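Inside the fold
Each chain, written out:
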Amino acid sequence: MTPKALFAATATAALLLALPAKAADLTIGFSQIGSESGWRAAETSVSKQEATKRKVNLKIADAQQKQENQIKAIRSFIAQNVDAIFLAPVVSTGWDSVLKEAKEAKIPVVLLDRDIDPSGKELYLTAVTSDSVHEGEVAGDWLAKTVGNKACSIVELQGTVGASVAANRKKGFDTAIAKHANLKVVRSQTGDFTRAKGKEVMESFIKAEGGGKSICAVYAHNDDMMVGAIQAMKEAGLKPGKDILTVSIDAVPDIFKAMAAGEANATVELTPNMAGPALDAIAAFKDKGTVPPKWIQTESKLYTAADDPQKIYDSKKGLGY
């Protein structure tokens, strides 16, 4: 090769290295919480679909609901020098050290579905989430409107202790019902976002509240806990959706199945497609240096039995829930 040709080849290689990454060239590590709920399984499934659509190499690490596993996964992604990291944080605190490591490695981090403690705001590029406070408000407003002036004792199935989404869904619901003196949460306990725990906690609520006769409504921070609670009510000889009103969040297929059977009343949708907007934001950031807004908000839509739940169930059941 002549010196001139060698120089040209070297210059071309240098130019290619300097060019920003296109979406199809990206490798992204995704530290997923696990599969504690149908919604979480759908988020993973839809994330894979969105990555395939954009020809992105998406590496998913299942943390099995443990923060230490997520931290290990992030450090592994840093060692692999991925182009970006997606994180669905199991809890809101304890991320500063590992996210600083990602920042020092110049690897942008995008939060999916959940936020972290405000002290860590400078450590990630953007967060793609719903307004989980608003979700709780929508649920509370629906219950207030449905109950009217009737006295209503509510039992609450909270999400994982320490998770921002659980704290926010509680805050929003409490804010909504505080406007109505006839609505009162009489019992509240974590169901850890799972069906099994939701059923177990609802069983204890029913025993503590005269066989469930004094319970007017159940509010669950996610549909999976509500599905478990519905089973507990049925086994106790109660008619969920009639004897006891239900309102929950996520809009997974099985809650529409329960609605169609008259065993559930309302749900607030949390879209499982957080990865789509996140992948678009990363591609624009890598390609053109476009810095996304710190928060990319998704919609929170209320569904009730009036919205043809069987049709919605049919449309959602293939999404991996």
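Residues numbered from 1 in each chain as written. Predicted model: local features only at pLDDT ≥ 70, side-chain atom pairs only at ≥ 80, totals over all residues. Heavy atoms only, no water.

Per an unreviewed UniProt entry, the protein chain carries the name ABC transporter substrate-binding protein and comes from Bradyrhizobium niftali. The protein chain has a UniProt comment under Sequence similarities (unreviewed entry) that states "Belongs to the bacterial solute-binding protein 2 family." (UniProt positions renumbered as here; feature names shortened; annotations may be inferred.)

1. Focus on the nonpolar core
Across soluble globular proteins, you tend to see nonpolar side chains buried next to one another. Ranked by internal contacts, the top residues of the largest apolar core, which has 31 residues, are Leu157, Met202, Val218, Met233 and Phe256. Mapped by element, the contributors of at least two residues to this core are β6 (152-158), α6 (164-177), α7 (195-208), β8 (217-220), α8 (223-235), α9 (253-260) and α11 (309-316). Ranked by the residues each element gives to this core, the list is headed by α8, at 7 residues. Dropping the residues within four chain positions of it, methionine 202 is found in contact with Val155, Leu157, Ile215, Val218, Ala229, Ala232, Met233 and Ile244. Leu58, Leu125, Ala275 and Ala281 belong to the second largest nonpolar core, which has 26 residues in total. (Core = buried A, V, L, I, M, F, W, Y, C linked by side-chain atoms within 4.5 Å. Buried < 20%, exposed > 50% of the residue type's maximum accessible area, 1.4 Å probe, protein only. Helix = DSSP H or I, 4+ residues; strand = E, 2+ residues; numbered from the N terminus. Contact = heavy atoms within 4.5 Å.)

2. Considering the domain arrangement of the protein chain
For the protein chain, the domain assignment lists domain 1 (3-129 + 272-290) and domain 2 (132-270 + 304-319). Using only C-alpha atoms to locate each centre, domain 1 and domain 2 end up separated by 33 Å. Taken together, the contact between domain 1 and domain 2 spans 15 residues of the former and 13 residues of the latter. Between domain 1 and domain 2 lies a buried interface of about 1,100 Å² when both sides are counted; carbon and sulfur atoms form 58% of it. (Domains from an automatic or database assignment. Buried area = accessible area lost by both parts, 1.4 Å probe.)

3. Quick notes on the sheet that holds strand β9 (residues 245-250)
Strand order across the open sheet formed by 6 strands is β7-β6-β8-β9-β10-β12, with mixed pairing between neighbours. Unpaired on one side and paired on the other, β7 (183-190) and β12 (302-304) mark the two borders of the sheet. Neighbouring strand axes in the sheet, compared pairwise and without regard to direction, differ in orientation by 20° on average. In this structure, β6 lies alongside β8, joined through 4 bridges in parallel fashion. By the bridge assignment for β8, glutamate 156 is matched with tyrosine 219. (Pairing = 2+ DSSP bridges. Axes fitted to C-alpha atoms, helices over the stretch in contact; angles between N-to-C directions.)

4. Notes on unusual backbone geometry
Note: most residues except glycine have negative phi, and most peptide bonds are trans. Look at lysine 55: it is not a glycine, yet its phi comes out positive at around 60°. Along the polypeptide, lysine 55 turns up in the loop between α2 (38-54) and β2 (57-62). Positive phi, close to 55°, is recorded for aspartate 308, a residue that is not glycine. Counting through the fold element by element, aspartate 308 comes out in the loop between β12 and α11. Here aspartate 308 falls in the partly exposed class, since its relative accessible area comes to 40%.

5. Regarding the pattern of salt bridges
Summed over the entire model, instances satisfying the criterion amount to 21 salt bridges. A salt bridge links lysine 170 to aspartate 174, with the shortest nitrogen-to-oxygen separation between them at 3.5 Å. One end of the pair, lysine 170, and the other, aspartate 174, are both in helix α6, 4 residues apart, so they sit about a helical turn from each other. Within the structure, one salt-bridge network assembled from shared partners comprises Arg40, Glu43, Asp113 and Arg114. (Salt bridge = Lys/Arg side-chain N within 4 Å of Asp/Glu carboxyl O.)

6. What about the state of the cysteines?
Enumeration over the complete set of coordinates arrives at 1 disulfide. Here cysteine 152 is linked by a disulfide to cysteine 216, with a sulfur-sulfur distance of 2.1 Å. Since a negative S-S torsion denotes a left-handed disulfide, the cysteine 152-cysteine 216 link at about -90° is left-handed. Placement of the pair is cysteine 152 in strand β6 and cysteine 216 in the loop between α7 and β8, with a sequence separation of 64 residues. (Disulfide = S-S within 2.5 Å.)

7. Topic: the packing of α8 against α9
Here α8 crosses α9 at 40°, and the two axes come no closer than 9 Å. As judged from the angle between their axes, α8 and α9 are oblique. Note that α8 runs across α9; the crossing there is left-handed. Here Asp223, Met226, Val227 and Ile230 of α8 lie close against α9, whose contacting residues are Asp254, Ile255 and Ala258. Taken together, the residues of the contact of α8 with α9 break down into 5 nonpolar, no polar and 2 charged. (Parallel < 35°, antiparallel > 145°, perpendicular 65-115°, else oblique. Left-handed = near helix turned anticlockwise from the far one by under 90°. Nonpolar A, V, L, I, M, F, W, Y, C, P; charged D, E, K, R; others polar.)

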